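Coordinates in review
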Amino acid sequence: MQALRHVVCALSGGVDSAVAALLLRRRGYQVTGVFMKNWDSLDEHGVCTADKDCEDAYRVCQILDIPFHQVSYVKEYWNDVFSDFLNEYEKGRTPNPDIVCNKHIKFSCFFHYAVDNLGADAIATGHYARTSLEDEEVFEQKHVKKPEGLFRNRFEVRNAVKLLQAADSFKDQTFFLSQVSQDALRRTIFPLGGLTKEFVKKIAAENRLHHVLQKKESMGMCFIGKRNFEHFLLQYLQPRPGHFISIEDNKVLGTHKGWFLYTLGQRANIGGLREPWYVVEKDSVKGDVFAPRTDHPALYRDLLRTSRVHWIAEEPPAALVRDKMMECHFRFRHQMALVPCVLTLNQDGTVWVTAVQAVRALATGQFAVFYKGDECLGSGKILRLGPSAYTLQKGQRRAGMATESPSDSPEDGPGLSPLL
């Protein structure tokens, strides 16, 4: 008689992970619930929200009659996620700690704990995503040897497991999983991948999981909660006062406590001014933040360069390797519409991304996440931006009056913004 398959499910204290654990039990697996504590400070009311979430996760395990474990990754989260978050902001970038947390904590620390300490055949989470493997294929992965050596035989390479968008396109969370390793992905089950959020809530209501159903959706960064973002950030970073400058006439509009507090496209509340202003450029040397009054051409760009791309399949798509260019789609914010683009592969593994149409509010530090059909290919951090539509318009107006300066080398790309 075959032993029960052991699946270790990450429990957050919310409805999605609770229903994921329930569905795994229904499939007849031996399920263990694990709560990860990644942050341990108090919220604005002096309450540690992680403790409340842990209690809720424990109650889920009691209701489902499964073992419960708690692990602390506070140190790892600080070193690998929060320190990176602060460093990125200090450089004037706009980080995405959720993507970094999944890469380093949930699908690395937790994954290894589940497999090595708890003897898991597979792990599971409440993410809305799918892979190209059926459950039984996931369980077989522990018997598939990873190819070793720098120059591995092409015939020994494992068939890469694909990361696929969820059936519920609005809730799809592949964006946040775009930096997950192939090793972890091939041992992961996503029980909610084929379900809608409404159906998940219905399952929870019918199975005595009312305590998680009543909780508000946790949105945004776990370590900030409902606190004022600017006040929170200035607890860790030194203020660097500067000016808001009108991009149209260079007039000083007001002052701020740090240019790093603002991301491109963000609506800025400038003291004494009623109309909305949007951040379009930042000068890290002078500390100036440039803003127009309206939805301005300076907000739109169609070119960016990423860091070395993390490909889910571990290698770039064959068409991109062969042709050095490839059509696909990308997004840089969760739930934004996918943008058609052309990727150009550089020798160092970075890519140029040329959007078919200019997109609003690109910012360095964000992740460009790439898609082909319903497959999430991977992602790269945005490190450089091309010129804005406003800069190009000004350049065209000057074209008859001045000769164009020599461009950088091809690897440096065309017309990158000097402020970024």
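Residues numbered from 1 in each chain as written. Predicted model: local features only at pLDDT ≥ 70, side-chain atom pairs only at ≥ 80, totals over all residues. Heavy atoms only, no water.

**Considering the overall build of the chain**
On a plain count of helices and strands, the chain comes out with 11 helices and 20 strands. For the chain, contacts bridging at least 24 residues in sequence account for 70% of all contacts bridging at least 6. For the chain, the computed accessible surface area is about 21200 Å², with 51% contributed by carbon and sulfur atoms. (Helix = DSSP H or I, 4+ residues; strand = E, 2+ residues; numbered from the N terminus. Contact = heavy atoms within 4.5 Å. Areas by Shrake-Rupley, 256 points an atom, 1.4 Å probe, with all protein chains shown as cover.)

**Some words on the nonpolar core**
Ranked by internal contacts, the top residues of the largest apolar core, which has 117 residues, are Phe110, Phe330, Leu343 and Phe370. A per-element tally of this core places helix 4 (residues 97-117) first, with 10 residues. Residues within four places of Phe330 in sequence aside, it is in contact with Leu304, Ala337, Leu338, Val339, Cys341, Val353, Ala355, Leu362, Ala368, Val369 and Phe370. If you look at the next biggest cluster of nonpolar residues, it comprises 8 residues, including Ile247, Val280, Leu299 and Tyr390. (Core = buried A, V, L, I, M, F, W, Y, C linked by side-chain atoms within 4.5 Å. Buried < 20%, exposed > 50% of the residue type's maximum accessible area, 1.4 Å probe, protein only.)

**Here's the deal with the packing of aromatic side chains**
Taken as a whole and assessed by the stated rule, the structure comprises 19 aromatic pairs. Each ring, one from Phe232 and one from Tyr236, has its centre 5.2 Å from the other, and the planes form 55°; the classification is tilted. In this structure Phe232 comes out as buried when scored by relative accessible area, which is 2%. On the basis of relative accessibility, which here comes to 33%, the residue Tyr236 falls in the partly exposed class. Of the aromatic side chains, those joined through ring pairs into one cluster are Trp39, Tyr77, Trp78, Phe82, Phe85, Tyr89, Phe229, Phe232 and Tyr236. Across the ring face of Tyr371, the terminal group of Arg331 is positioned such that the distance to the ring centre comes to 5.2 Å. (Phe/Tyr/Trp six-rings, centres within 6.5 Å; stacked < 30°, edge-to-face > 60°. Lys NZ or Arg CZ within 6 Å of the ring centre and 35° of its normal.)

**Some details on the pattern of salt bridges**
Following the criterion strictly, the structure yields 16 salt bridges and no others. Across the pair Arg5 and Glu136 runs a salt bridge whose closest N-O atoms are separated by 2.5 Å. Taken as a pair, Arg5 in the segment before strand 1 (6-10) and Glu136 in helix 5 (residues 135-140) lie far apart in primary sequence, 131 residues in all. Under the relative-accessibility criterion, Glu136 is labelled partly exposed at 41%. Between Lys37 and Asp51 there is a salt bridge, with its nearest N and O atoms 3.7 Å apart. Placement of Lys37 in strand 2 (residues 30-37) and of Asp51 in helix 2 (residues 49-64) is noted, with a sequence separation of 14 residues between them. (Salt bridge = Lys/Arg side-chain N within 4 Å of Asp/Glu carboxyl O.)

**Observations concerning unusual backbone geometry**
Positive phi is not limited to glycine here, since Arg208 has a value of about 60°. For Arg208, the position within the fold is in the loop between helix 7 (197-205) and helix 8 (210-213). For Arg208, a relative accessible area of 56% puts it in the exposed group. Not every positive phi belongs to a glycine, and Asn250 is a case in point at roughly 60°.

**Quick word on helix 2**
Under the 1.5 Å per step criterion, the end-to-end length of helix 2 is 23 Å for 16 residues, consistent within 8% with the ideal 22 Å. Where helix 2 ends, the next residue or the one after it, Asp65, has phi of about 60°, a positive value. (Expected span 1.5 Å × (residues − 1).)

**Let's talk about the sheet that holds strand 8 (residues 242-246)**
With respect to topology, 4 strands assemble into an open sheet ordered 9-8-13-12, the strand pairing being mixed. At either margin of the open sheet sits one strand with a lone partner, and together these are strand 9 (252-256) and strand 12 (281-283). Across the sheet, the mean angle from the axis of one strand to that of its neighbour is 25°, orientation sign disregarded. Bridging between strand 8 and strand 13 (residues 288-291) involves 3 bridges; their strand directions are parallel. Opposite Ser246, over in strand 13, you have Ala291 as the bridge partner. (Pairing = 2+ DSSP bridges. Axes fitted to C-alpha atoms, helices over the stretch in contact; angles between N-to-C directions.)

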